[in-house]
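# Results of the structural survey
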Amino acid sequence: MAAAGVIRTYDDFVKVHGILLAASGVPPSLHRQLFEKLSTDTFDGGEFFEVEAVEDGRQRRLVLTSDSMEKESRVFLVDHAWTFRLDDARKQIELRSEIVNTGYCFSNTGLKDIVCDLLLEEVPGLAERMASLMCVDIDLTPDAEEQDNSAGVSDENGCKKNVLEIVESEICTAKQRGDDTVRWLELEELDMNDAMLLSLDLPSKFPNLLALSLCGNKLENIETVTHEIIKFKHLKALWLNDNPVIQNSDDHMADAIFEGCSSLEIYNSRFTCKFGEWALGFCGGIYGKDNSGCSHKTDHPLGSMTFLDLSNRFIHNLINKAFSPAKMPSLSHLNLRGNPLDQNSVGELLQLIKGFTCLNALEVEVPGPLGESAVEILESLPNLSLLNGISRSKILESGKHVLDSMLQPRLPEWSSEESLADRVINAMWLYLMNYRLADEEKIDETSVWYVMDELGSALRHSDEPNFRVSPFLYMPDGKLASAISFSILWPTQKVQKGDECTRDFLYGIGEEKQRSARLSAWYHTPQNYFVKQYENHKHKLQSTSFVSPPMKPSTTNSLLRKDGSALRVYTDIPPVEELLARPEFVITSDPKDADIIWTSTQVDEDMKAAAGLTDQQYINQFPFEACLVMKHHLAETVQKVLTPHLFCMTAITCQEQKTDEWYYYYYAEVVNSGFVSEQAHGSPTWLQPTYNLETHLTHLIGEYYVRKRDGLDNLWILKPWNMARTIDTTITGNLSAIIRLMETGPKICQKYIERPALLKGKKFDIRYIVLVRSVDPLEIFLADVFWVRLANNQYSLDKHSFSEYETHFTVMNYRGKLNHMNTPEFVRVFEQEHQVKWLDIHMRAKRMIRSVFESAAVVHPEMQSPKSRAIYGVDVMLDCHFQPKLLEVTYCPDCTRACKYDMEPIFGGGGIVKGRDFYNYVFGCLFLNETNHTSPL
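Residues numbered from 1 in each chain as written. Predicted model: local features only at pLDDT ≥ 70, side-chain atom pairs only at ≥ 80, totals over all residues. Heavy atoms only, no water.

An unreviewed UniProt entry lists the chain under the name Tubulin--tyrosine ligase-like protein 12 SET-like domain-containing protein, from Rhododendron griersonianum.

### Quick notes on the overall build of the chain
Of regular secondary structure, the chain possesses 31 helices and 41 strands. Considering the chain as a whole, with its 937 residues, one finds that 52% of them fall into the buried category. Counting only carbon and sulfur atoms, one obtains 49% of the accessible surface of the chain, whose full area is about 42500 Å². (Helix = DSSP H or I, 4+ residues; strand = E, 2+ residues; numbered from the N terminus. Buried < 20%, exposed > 50% of the residue type's maximum accessible area, 1.4 Å probe, protein only. Areas by Shrake-Rupley, 256 points an atom, 1.4 Å probe, with all protein chains shown as cover.)

### Quick word on the sheet that holds strand β17 (residues 433–435)
Taken in spatial order, the three strands of this open sheet run β5-β18-β17, and their pairing is antiparallel. Among the strands making up the open sheet, the edge pair consists of β5 (80–84) and β17. Going from strand to strand, the sheet's axes swing by 30 degrees on average, the running direction of each strand aside. Bridging between β5 and strand β18 (residues 448–452) involves four bridges; their strand directions are antiparallel. Looking across to β18, one finds that F84 is bridged to W449. Packing against the sheet, helix α5 (residues 126–133) makes contact with β5 and β18, and its axis sits at approximately 115 degrees to β5. (Pairing = 2+ DSSP bridges. Axes fitted to C-alpha atoms, helices over the stretch in contact; angles between N-to-C directions. Contact = heavy atoms within 4.5 Å.)

### Let's talk about the sheet that holds strand β20 (residues 467–474)
Strand order in the open sheet formed by three strands is β4-β21-β20, and the pairing between neighbours is antiparallel. The open sheet has two free edges, formed respectively by β4 (76–78) and β20, since each of these has just one partner strand. Strand-to-strand, the axes of this sheet are offset by a mean angle of 35 degrees, without reference to chain direction. Against the sheet, helix α2 (residues 31–40) makes contact with β4, β20 and β21 (484–491), and its axis sits at roughly 45 degrees relative to β4, the strand it touches most.

### Remarks on the pattern of salt bridges
Within the structure shown, the criterion is met by 39 salt bridges. The salt bridge involving D44 is made with K37; its shortest N-O contact spans 3.0 Å. A salt bridge links E779 to R773; the nearest nitrogen and oxygen atoms lie 3.8 Å apart. By the burial criterion, E779 is buried, and R773 matches it. Among the charged side chains, a network of salt bridges with common partners joins E703, R707, D713, K751, E754 and R755. (Salt bridge = Lys/Arg side-chain N within 4 Å of Asp/Glu carboxyl O.)

### A closer look at the packing of aromatic side chains
Considering all chains together, one arrives at 44 aromatic pairs under this definition. The interplanar angle of 80 degrees and the centroid separation of 5.3 Å between the aromatic rings of W429 and W449 together place this pair among those described as edge-to-face. Linking W429 in the loop between α17 (420–427) and β17 with W449 in strand β18, this pair joins segments that are 20 residues apart in sequence. With respect to burial, W429 and W449 carry one shared label: buried. (Phe/Tyr/Trp six-rings, centres within 6.5 Å; stacked < 30°, edge-to-face > 60°.)

### Some words on the pairing of strand β2 (residues 59–64)
For strand β1 (residues 49–54) and β2, the ladder comprises six bridges, and the chain directions are antiparallel. Bridge assignment links F49 to a residue of β2, and that residue is L64. Remark: four residues form the turn of the hairpin made by β1 and β2, two consecutive strands paired antiparallel; E55 in that turn has positive phi of roughly 50 degrees. For β2 and strand β23 (residues 500–503), the ladder comprises two bridges, and the chain directions are antiparallel. Along β23, the bridge assignment pairs L62 with C501.

### What to know about the side chain of D453
Mapped onto the elements of the fold, D453 is located in the loop between β18 and α18 (454–457). The buried charged residue D453 lacks any salt bridge, with R129 as its nearest oppositely charged partner at 5.6 Å. Separated by 3.0 Å, the side chain of D453 and the backbone nitrogen of G456 make a polar contact. (Lys, Arg positive; Asp, Glu negative; His and termini not counted. Polar contact = N/O pair within 3.5 Å; in protein donor to acceptor, adjacent residues only side chain to side chain.)

### Focus: a negative patch on the surface
There is a patch of like negative charges on the surface, built from E186, E188, E189 and D242. Tracing the backbone shows D242 in the loop between β8 (237–239) and α11 (244–248). Owing to a relative accessible area of 65%, D242 belongs among the exposed residues under this scheme. (Patch = residues over 30% accessible without salt bridge, like charges linked within 9 Å, V, L, I, M, F, W, Y side chains within 5 Å. Charge placed at Lys NZ, Arg CZ, Asp CG, Glu CD.)

### With respect to unusual backbone geometry
In the segment running from D776 into P777, the intervening peptide bond is cis, with an omega of 0 degrees. Relative to the elements of secondary structure, P777 occurs in the loop between β36 (762–774) and β37 (779–783). A positive phi angle, near 65 degrees, is found at F882, a position not held by glycine. Structurally, F882 is set in the loop between β39 (870–878) and β40 (884–891). Under the relative-accessibility criterion, F882 is labelled buried at 17%.

### As for the packing of helix α10 (residues 222–229) against helix α12 (residues 251–260)
The geometry of α10 relative to α12 is characterised by a closest axis approach of 9 Å and an angle of 15 degrees between their N-to-C directions. In terms of orientation, α10 lies roughly parallel with respect to α12. The way α10 lies across α12 gives a crossing that is right-handed. Touching I222, V225, T226 and I229 of α10 are M253, A256 and I257, all from α12. The class makeup of the residues in the contact of α10 with α12 is six nonpolar, one polar and no charged. (Parallel < 35°, antiparallel > 145°, perpendicular 65-115°, else oblique. Left-handed = near helix turned anticlockwise from the far one by under 90°. Nonpolar A, V, L, I, M, F, W, Y, C, P; charged D, E, K, R; others polar.)

Structure (structure tokens):
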């Protein structure tokens with residue numbers, strides 16, 4: 001190794017980056033080439049690739065411009081144009097966005113400086129560059145303005161025609177043909193208003209018109225437009241798209257037009273219920289301006305048609321005299337995407353399509369109107385060779401049910417009033433990638449997100465990609481502090497000149513990890529499938545009816561010894577060691593000698609063996625308590641429905657991360673023991689809709705679509721399974737963001753309480769302390785002391801506030817300014833402000849907390865252990881109707897406030913509770929069967 005760790009040779013590079021190279025997947029044959037480009041800072045992609053605009057400028061793609069490129073023959077460096085932590089995204093993009101873009105100055109900054117918690121002082125031109133890269137500035141560019149100004153029809157000399165000139169031109173052209181009849185008329189984007197439409201008197205000039213397009217004009221009056229249109233008695237197609245009259249109209253306008261134009265088959269690009277031969281011929285390319293279909297040279301005008309694109313025609317009923325194998329015997333390619341087809345059964349549609357014996361290629365949503373399984377569709381249509389562009393053999397071999405190859409991409413959407421920063425923040429989820437830093441001691445708690453440069457960001461998705469991209473940290477000084485982040489690009493297939501270069505956005509993720517659902521982040525996946533799955537899930541939850549188990553007499557006894565000797569307590573929690581001052585207990589530093597183990601560390605069999613613990617010692621945790629204290633298990637416990645369950649004779653171990661430590665839990669497996677009822681609450685009002693994204697993403701997407709369809713609020717909060725202090729917690733209403741955030745670790749997605757009860761305009765939640773002596777029978781107590789946690793800022797639903805911690809979050813022990821409020825004062829102020837009685841709220845909260853622990857006792861009876869005693873923090877928020885909502889249950893909760901402040905209980909009496917006595921009465925309740933300052937639930 002060179003002096004001071006500086007990498008000078010290829011061997012140095014491999015020694016330092018060996019693990020990173022292996023993790024990146026870069027073929028070993030390209031390692032030397034990669035080293036040479038990294039050491040010389042060589043970005044030569046522009047010599048081999050070109051970026052092209054597609055989708056009307058709203059997306060870009062990457063094309064190979066060199067003659068060809070063999071598989072794994074070259075490697076390219078891709079710069080990171082923007083690197084940030086999520087909380088800083090808006091701050092960075094808004095900073096100095098007015099400054100002209102100065103190029104790549106930001107992207108090559110040392111990694112340590114980029115991802116530090118301090119915000120960079122200036123990010124010149126970042127908003128402009130990102131807006132251009134993400135194609136969200138196309139309406140602001142001079143080219144766009146020129147295009148807007150040039151809208152309309154031009155003559156052969158390029159001069160723009162007005163509507164009168166076009167009308168006269170059409171009449172003259174018809175006369176020159178020897179036919180005075182005009183049957184196809186296009187008057188599009190001519191600024192035509194209602195008065196002009198009347199003055200043209202089109203029905204008199206063109207009485208035999210078959211197709212009329214008035215798209216993109218300024219027609220507004222429903223009566224005026226309808227009155228003129230119904231004068232065309234032979235009209236087959238009418239396009240009024242992009243006129244104000246369509247936005248202002250209802251079904252009455254359409255009904256009037258359909259009644260007056262009885263032959264109309266296409267209305268505003270959609271098929272009417274009277275569609276027939278003409279509409280099919282138009283979509284098959286037979287009828288158009290040059291051949292309007294006024295006279296047929298054959299009795300079977302559709303007989304030679306091989307390709308028919310019926311996508312997005314809003315067809316409800318496909319069974320039609322014209323749509324038949326007899327009328328279209330040569331049809332070989334059919335596109336049915338975007339049609340509800342809800343008036344036909346799956347069986348009827350499959351039988352109809354099966355009759356087209358020449359049909360070998362079909363495009364349709366799967367799942368969709370032809371069924372939920374691609375495999376079953378192919379089995380019903382044996383002549384098909386391609387389904388949604390994927391070969392029959394490949395689908396049958398993979399058993400693939402949901403097809404994603406022909407999905408329409410999600411393109412950025414924005415309003416003209418939105419700032420560049422807002423546009424970028426909304427669109428960035430289509431482009432972002434991420435990694436997490438680690439050193440020898442630990443992994444960073446928050447991920448680093450980045451956007452590749454213009455070349456890398458132009459790589460679009462493919463299920464069969466020809467390139468692969470992987471992030472890579474180059475450490476020129478051999479240390480993490482000197483690291484610079486790049487992405488590495490190399491071909492995985494042979495690529496020819498002109499080919500589009502693609503990558504797999506979900507590399508290594510198959511259907512077992514919800515691949516098809518996750519593609520919804522980038523594509524418009526079949527909404528009807530997700531909605532149906534959600535509705536089935538919702539029905540299952542709502543069909544559950546929970547009955548509280550009968551109360552049983554207590555079976556716990558005081559541990560107080562007859563000889564009066566103290567119980568030895570081992571603890572690693574400083575407040576317990578400092579404040580547990582009762583003579584019945586004494587602190588010991590040796591866990592082997594302790595009667596009671598009170599620890600913040602999860603105790604499993606390995607720890608017991610290492611520490612010399614025995615089964616006779618009491619421990620401040622219950623077996624299987626993960627069903628309460630891990631967020632995804634908590635939701636599953638509450639939502640559990642009646643299912644068969646086999647009792648366990650063995651146990652399997654799962655490993656999940658709890659902040660900085662590993663949280664081990666055991667989950668019972670069933671072996672030959674019959675059926676046991678497991679029934680909890682299903683969908684109680686006190687639990688917001690909650691989804692484990694690792695298993696229930698499909699249901700979440702379905703509810704998102706339903707709420708969007710019904711105009712309901714659609715704001716969600718994502719929480720890691722088992723992180724504390726709101727680490728990696730995000731509030732968003734962006735579906736792509738929700739799905740992409742799965743990449744930073746397993747999470748739940750929960751409906752955000754958009755309208756919580758507020759205290760003087762600020763959000764708050766309540767921390768209750770629950771003491772559990774036993775699970776069976778259930779013996780739980782509520783500490784008389786609870787405390788409120790207040791946000792620092794005024795609550796807001798402005799989207800700019802969602803990343804403001806002190807607006808939307810209430811835990812200020814670790815960040816922000818802690819503003820403690822005594823509980824009696826809080827209750828007094830709250831009752832005065834909202835004119836409610838806190839006692840009513842308190843009773844509802846108590847019933848809810850009891851229900852939570854009853855759920856655990858019913859669903860997980862294996863929690864019961866005679867040697868367990870524990871306290872849990874239960875966090876509760878009130879909605880605007882003062883109904884309690886469960887946020888989470890916390891193991892070994894932080895009780896700093898209870899120990900620091902003397903508090904007066906609202907209920908229970910007993911006078912002031914001294915903070916220094918908190919653990920004295922907690923231990924008294926759990927181990928001595930006392931009830932001082934606690935209330936049984």
